[in-house]
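Descriptive analysis of the structure
Each chain, written out:
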Amino acid sequence: MNEYDEKYDQVGYYWGVKPSPACFDVLKMMPPDHHVKLLVIGCGEGRNAVFFARNGYDVTAFDLSPMGVEKTRALAERASTVVDVFRANVNEYRLSEDFDVLFSTGVLHYLPEDLRAEIFENYKRFTRPDGLNVFSVFVEKPFVARAPDWEATAHSWVSGELFTYYRDWRMEYCTEEIFDCMSSGIPHQHAVNRMIARKIEVSEQSP
Ligand SMILES: C[S@@+](CC[C@H](N)C(=O)[O-])C[C@H]1O[C@@H](n2cnc3c(N)ncnc32)[C@H](O)[C@@H]1O
């Protein structure tokens, strides 16, 4: 049982069932008024994947935690909808079919630095023209202490690094924020980069 299996092994939902605010951006920017194929990378217990499925998206999702996969499936069933969910490791899994939207919150810090360029190339290649990559990642800041539940499998990211992988796409939105978190029961903060990039190729900006 991995660390997240232990957190998810309860009747309730560790991360709750309310979708991340970024889900509403997807709803506005790529409404499901046509067939929209969406992948949730690291779906946890399914709050975002199920939100998208309930709203008419064709949703595929994966997570490393078998318990997370099971709870995603159960949450979808409870909502009378379907998510094609399976167990996979973000470091090993590569896309081989196209999606309109790739979505991930709170997971990309598991990517080691040496895999990032190749993995984002794969994600970009298998995003359809005009499609969206909607991602957030925790970043290091000298004035934000490491979270008390920071895991050995997590890796650090430099502020702004995520955006550099998308310098040839149109950046619809990007921010850096500090937010309060109570995971592990100990109050702490995270610095996070959030972005929505659209596959409309633009000339590369110099670094
Ligand atoms: C902070 S939680 C976020 C869950 C979900 N994205 C959400 O917002 O509710 C991080 C998730 O990443 C998953 N995870 C950790 N390492 C992973 C890996 N190598 N590959 C895929 N998922 C991983 C964990 O099982 C956990 O569900």
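Here the structure is shown first, and the text comes after it.
Conventions and cut-offs
- Residues numbered from 1 in each chain as written.
- Predicted model: local features only at pLDDT ≥ 70, side-chain atom pairs only at ≥ 80, totals over all residues.
- Heavy atoms only, no water.
- Near = heavy atom within 4 Å.
- Areas by Shrake-Rupley, 256 points an atom, 1.4 Å probe, with all protein chains shown as cover.
- Helix = DSSP H or I, 4+ residues; strand = E, 2+ residues; numbered from the N terminus.
- Nonpolar A, V, L, I, M, F, W, Y, C, P; charged D, E, K, R; others polar.
- Buried < 20%, exposed > 50% of the residue type's maximum accessible area, 1.4 Å probe, protein only.
- Pairing = 2+ DSSP bridges.
- Right-handed = clockwise from strand over helix to strand, strands pointing away.
- Core = buried A, V, L, I, M, F, W, Y, C linked by side-chain atoms within 4.5 Å.
- Contact = heavy atoms within 4.5 Å.
- Phe/Tyr/Trp six-rings, centres within 6.5 Å; stacked < 30°, edge-to-face > 60°.
- Lys NZ or Arg CZ within 6 Å of the ring centre and 35° of its normal.
- Axes fitted to C-alpha atoms, helices over the stretch in contact; angles between N-to-C directions.

**Concerning the site of the ligand**
- Taken together, 18 residues lie around the ligand, and Tyr8, Gly42, Arg47, Asp63 and Val90 are the ones closest in.
- A total of 590 Å² of accessible area belongs to the ligand in isolation, and the protein chains cover 94% of it.
- Every element with two or more residues in the shell around the ligand is listed here: helix H1 (3-8) and helix H3 (47-54).
- Partitioned by chemical class, the residues of the shell around the ligand number nine nonpolar, seven polar and two charged.

**A word on the pairing of strand S5 (residues 127-139)**
- Within S5, ten of the 13 residues are buried, which leaves the element mostly enclosed by the surrounding structure.
- Pairing between strand S4 (residues 99-104) and S5: five bridges, direction parallel. Residue pairing across strands places Val101 opposite Leu132, the latter belonging to S5.
- Handedness of the crossover joining S4 and S5 through helix H5 (residues 113-125) is recorded here as right-handed.

**Description of the nonpolar core**
- The biggest cluster of nonpolar side chains holds 33 residues, and the ones touching the most others in it are Phe120, Tyr123, Phe135, Trp157, Leu162 and Tyr166.
- Of all the secondary-structure elements, those providing two or more residues to this core are H1, strand S1 (37-41), S4, H5, S5, helix H6 (161-164) and strand S7 (188-198).
- Other than its neighbours up to four places away in sequence, Phe135 contacts Ile41, Leu102, Phe103, Ser104, Leu108, Phe120, Tyr123, Leu162, Tyr166, Asn193, Arg194 and Met195.
- One finds Tyr13, Ala49, Val50 and Phe52 within the second-largest nonpolar core, a separate group that totals 26 residues.

**A look at the packing of aromatic side chains**
- Under the counting rule described, the total for this entry stands at 19 aromatic pairs.
- Residues Tyr14 and Trp15 carry aromatic rings whose centres are separated by 4.8 Å and whose planes lie at 90° to one another, so their mutual orientation is edge-to-face.
- Looking at Tyr14, the relative accessible area reads 27%, which means it is partly exposed.
- For Trp15, a relative accessible area of 34% corresponds to the partly exposed category.
- Aromatic pair Phe62 and Tyr93: ring centres 4.8 Å apart, planes at 50°, arrangement tilted. Taken together, the positions of Phe62 in strand S2 (residues 58-63) and Tyr93 in the loop between strand S3 (84-87) and S4 put the pair 31 residues apart, joining distant regions of the chain.
- The exposure class assigned to Tyr93 is partly exposed, which follows from its relative accessible area of 23%.
- Three or more aromatic residues joined by ring pairs form one cluster here, namely Phe120, Tyr123, Phe135, Trp157, Tyr165, Tyr166 and Trp169.
- Looking at Lys71, its charged tip hangs above the ring of Tyr13, at a distance of 4.3 Å from the centre.
- Here the guanidinium or amino end of Lys124 rests over the ring plane of Tyr166, the centre of that ring lying 5.3 Å away.

**Quick look at the sheet that holds S5**
- Across the sheet, seven strands lie side by side as S3-S2-S1-S4-S5-S7-S6; this open sheet has mixed pairing. Of all the strands in the sheet, the pair left with one neighbour each is S3 and strand S6 (170-181). Here the average twist between neighbouring strands, direction ignored, is 15°.
- Where S5 lies against S7, eight bridges are found, and the strand directions are antiparallel. Paired with Ser136 across the strands is Arg194, a residue of S7.
- Helix-sheet contacts for H3 involve S1, S2 and S4, and the interaxial angle to S2 is about 170°.

**What about the pairing of S3?**
- One ladder, built from four bridges, connects S2 with S3; its direction is parallel. Across the sheet, the residue bridging to Thr60 is Asp84, located in S3.
- In this view, the connection linking S2 to its parallel neighbour S3 by way of helix H4 (residues 66-78) has right-handed handedness.

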